[in-house]
Amino acid sequence: VYLGDAAFLSPGRVAVGDQVLEYSKAVIATGARAVAPPIPGLAEAGYLDNETVFSLTERPRRLAVIGAGPIGCELAQSFRRLGSEVHILERMDQILTREDPDAAAIVQEAMVREGVEMIFECGIDKVERRGDVRVLHLECPKKGRRQLEVDAILVGAGRVPNVDGLGLEQVGVEYDPKTGVRVDDTLRTTNKRIWAVGDVCMQWKFTHAADAGAKIVVQNALFGGRKKVSDLVMPWSTYTSPEVAGVGLSGADAEAQGIEVDTYKVALHEVNRAVLDGDEGGFVKIWTRKGKDEIVGATV
């Protein structure tokens, strides 16, 4: 184990600090980091992300959450339950835009009932700081301008791969600053001796997805395997209340891929366990290939 910032020097050579290491094969597993949208004044006003938010020692009385993806929704609901006044700002017209719309709507209704304010389809012109207060200047096409005063801002609006300073150009590894290292279906990069895994290259940004990818890389890089990412059937969960979980393709994914499906939906109020628990909101939705019993995906 060598601790330090590493960078490729040339084919077969990596520098870690003052040391130069030689390799026959290498794996890039540098992950990703939170990225703030380019809003004037945001950096100067100061903001939290999904890592620094856990260093807070006092509860913010008023919190603005930029982005209504999984991170934004999970933390917005948590802070509301801790007693903060919470406002979610989302450019789209709903939360959890990558989830099944019916499932996202149930979570959205629950958060609104708990007192989270949803501000949809609004742009943030700028952010300014007045003492300890952050002021967000909003431009909403349907509702006009608005100033939102909060004590803290949490950015949950995306992540970027950690590719800077790795010397990827020195070894012919192609990458995009926004999407990460380019890999094939076996997680091999454009250099045949180098693989990549995890958030730095994979579509799924989950810990368990990186773990599954690591198993593929070990087999392919060290044992001549031909394991493929496309063979994975990926489950995921968003830890709001109620939770949303999915696996495989959604109905929208299937449609985008030209796969005709049948949809089966069962409301939880028809399930005895849910009735006994007194928690009847929600459903299970399963998609199968049209006319067949092959399941292509599901949402709970």
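See the structure printed just above.
Worth saying up front: this structure is predicted, and the values here are computed from it rather than measured.

J.: With reference to specific residues and values, describe the sheet that holds strand β11 (residues 144–150).
T.: Each strand in a sheet pairs with its neighbour through backbone hydrogen bonds, running either in the same direction (parallel) or in the opposite one (antiparallel). Taking strand neighbours across the sheet as the criterion, the 3 strands line up as β9-β10-β11 in an open arrangement whose pairing is antiparallel. Edge positions in the sheet fall to β9 (123–130) and β11, since each of these pairs with one other strand and no more. This sheet shows a mean twist of 20 degrees between the axes of neighbouring strands, independent of strand direction. In terms of strand pairing, β9 meets strand β10 (residues 133–140) through 7 bridges, oriented antiparallel. Looking at β10, one finds that E128 is bridged to V135.

J.: Explain the layout of surface pockets to me, and be specific about the residues and the numbers.
T.: In this model, the second largest pocket occupies a volume close to 380 Å³. As for the second largest pocket, its lining consists of 22 residues, and the residues nearest its centre are P242, E243, L268, G281 and G282. Elements with a minimum of two residues in the lining of the second largest pocket: α3 (101–113), β18 (244–248) and α6 (272–277). Here the element with the most residues in the lining of the second largest pocket is α3; it accounts for 6 residues.

J.: Give a description of the packing of aromatic side chains that names residues and reports values.
T.: Summed over all chains, the structure comprises 1 aromatic pair. Positioned above the aromatic ring of F283 is the side chain of K265, whose terminal nitrogen or guanidinium carbon lies 4.6 Å from the ring centre.

J.: For unusual backbone geometry, give the residues involved together with the corresponding values.
T.: Here the bond from S241 into P242 is cis, since omega is 5 degrees, no more than 30 degrees from zero. A positive phi angle is found at L96, which is not glycine, with a value near 45 degrees. Here L96 shows up in the loop between β7 (85–90) and α3. With phi around 55 degrees, E121 is a residue other than glycine that occupies positive phi space. Along the polypeptide, E121 turns up in the loop between β8 (117–120) and β9. Classification of E121 by relative accessible area gives partly exposed; the value is 34%.

J.: Account for a nonpolar patch on the surface, naming residues and giving values.
T.: Residues V218, L222 and F223 make up a contiguous nonpolar surface patch of about 340 Å² in total accessible area. Mapped onto the elements, F223 comes out in helix α4 (residues 207–223).

J.: Tell me about empty space enclosed by the protein, and name the residues and values.
T.: For the coordinates displayed, the defined rule picks out 1 cavity of 30 Å³ or more. Its volume calculated, the largest cavity comes out at about 40 Å³. In this structure, the largest cavity is lined by R98, E99, D100, W236, G246, V247, G248, L249, S250, W287, A298 and T299. For the lining of the largest cavity, the secondary structure elements donating two or more residues are β18 and β21 (295–299). Looking at side-chain class alone, the lining of the largest cavity contains 5 nonpolar, 4 polar and 3 charged residues.

Reading the values: the criteria
Residues numbered from 1 in each chain as written. Predicted model: local features only at pLDDT ≥ 70, side-chain atom pairs only at ≥ 80, totals over all residues. Heavy atoms only, no water. Pairing = 2+ DSSP bridges. Helix = DSSP H or I, 4+ residues; strand = E, 2+ residues; numbered from the N terminus. Axes fitted to C-alpha atoms, helices over the stretch in contact; angles between N-to-C directions. 1 Å grid on protein atoms, 1.4 Å probe; cavity = no way out; pocket = protein on both sides within 12 Å on 5 of 7 lines; lining within 4 Å. Points joined across faces, edges and corners; volume = space filled by probe spheres on them. Phe/Tyr/Trp six-rings, centres within 6.5 Å; stacked < 30°, edge-to-face > 60°. Lys NZ or Arg CZ within 6 Å of the ring centre and 35° of its normal. Buried < 20%, exposed > 50% of the residue type's maximum accessible area, 1.4 Å probe, protein only. Patch = residues over 30% accessible without salt bridge, like charges linked within 9 Å, V, L, I, M, F, W, Y side chains within 5 Å. Areas by Shrake-Rupley, 256 points an atom, 1.4 Å probe, with all protein chains shown as cover. Salt bridge = Lys/Arg side-chain N within 4 Å of Asp/Glu carboxyl O. Nonpolar A, V, L, I, M, F, W, Y, C, P; charged D, E, K, R; others polar.

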